Amino acid sequence: MTGPRVVALGDSITLGVGDGVQHSRGDVGWAAHAARALGASSFANLAANGVRAREMLAQQVVAAEAQRPDIVLLTVGGNDVLRGDFSPDEVERALGDAIARLARPGRLLITVSLDRIGLFDLAPGRVADAMARRIGQANAAIGRAVARSDVAVIDGATLLASLGRRAWHIDRIHPSPQGHRALAGAAVALAAGAWPQREAIPDPPAPPSRIAVAAWLAVNGVPWAVKRSRDLIPQVTMVVARELREERRLAREGTAGASVTRPGTARPGADGHARAADA
């Protein structure tokens, strides 16, 4: 029995970013590990850095269809969350359309729901809360997109939480080598009914040296931070400011309401006895 034809598409997680400090070209990461473990007869990784749901639909789905895959591995939504114009509805539509085009009898589609973005755990509480809400909205959109299909969903948050801090790459955005292998193992388990595992998933590499970490951050981390400082950070700041204004408004209304006697409530009369307020 020949192995399955496997296609991977989506964003930098599927591309393999975080699985070490090398430049990812799709030959590492959870999708690549899963394909090798399943003894794939062919493997095409179409994922790319920075891809949003709408770009995955427009740029990758046609090429994926052309591969006539038996298994499709997909992550999307994380980059949408990290943009100022984030739209859960857009994520739902794009992913739903991609699923509709890729679904075929006997073809297995596997996607991953989003975990929290560990980088924002280091941010002020208001910012961390705003980003957590975005993750929740994106996951709800993913859930709606797959609801009417047979797509298998790996619970990324639960799976990676089981690893603790070991789940995170240097940037605290992407899965670490351990995280990628956990995702690969979950994908292999989901495929086992039709495509049994043929090879072991390799052990993670040794932790990178400080020099390698510094080099990675200089080449990848700093440019990313500069880009997001022009887009995401101003947007999140606006969201937090809007929430603070709304909280103050509600607090003022609550204070004002407490000082107003409502119809039907008792009020003191001139003689000190309580009387019903006018309706």
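Above this text you will find the structure in question.
Residues numbered from 1 in each chain as written. Predicted model: local features only at pLDDT ≥ 70, side-chain atom pairs only at ≥ 80, totals over all residues. Heavy atoms only, no water.

## Remarks on the pairing of strand 3 (residues 71–75)
- Here strand 3 lies mainly inside the structure; 5 of its 5 residues are buried.
- Here 4 bridges tie strand 3 to strand 4 (residues 108–112), and the two strands are oriented parallel to one another. When the bridges of strand 4 are listed, Leu74 appears paired with Thr111. (Buried < 20%, exposed > 50% of the residue type's maximum accessible area, 1.4 Å probe, protein only. Helix = DSSP H or I, 4+ residues; strand = E, 2+ residues; numbered from the N terminus. Pairing = 2+ DSSP bridges.)

## What to know about the nonpolar core
- Core analysis: the biggest nonpolar cluster contains 33 residues, and Leu9, Met56, Val61, Val81, Leu95 and Leu102 have the highest contact counts within it.
- Within the residue set of this core, elements represented by two or more residues are strand 1 (5–10), helix 3 (53–59), helix 4 (61–66), strand 3, helix 6 (88–102) and helix 7 (125–146).
- With 7 residues, the single largest contributor to this core is helix 7.
- Here Leu102 is in contact with Leu9, Val61, Ala64, Glu65, Val72, Arg107 and Leu109, once residues within four sequence places are set aside. (Core = buried A, V, L, I, M, F, W, Y, C linked by side-chain atoms within 4.5 Å. Contact = heavy atoms within 4.5 Å.)

## Considering the sheet that holds strand 3
- Strand order in the open sheet formed by 5 strands is 2-1-3-4-5, and the pairing between neighbours is parallel. Pairing within the sheet leaves two strands with one partner each, and these edge strands are strand 2 (42–45) and strand 5 (152–154). Going across the sheet, the axis of each strand differs from the next one's by a mean of 15°, ignoring polarity. (Axes fitted to C-alpha atoms, helices over the stretch in contact; angles between N-to-C directions.)

## Observations regarding the side chain of Thr75
- Looking at the element boundaries, Thr75 is found in strand 3.
- By relative accessible area, which is 4% here, Thr75 ends up buried.
- Of the polar contacts made by the side chain of Thr75, one reaches the side chain of Asp11; its length is 2.7 Å.
- Not counting residues up to four positions away in its chain, the partners in contact with Thr75 are Leu9, Gly10, Asp11, Ile13, Thr14, Trp30, Thr111 and Val112. (Polar contact = N/O pair within 3.5 Å; in protein donor to acceptor, adjacent residues only side chain to side chain.)

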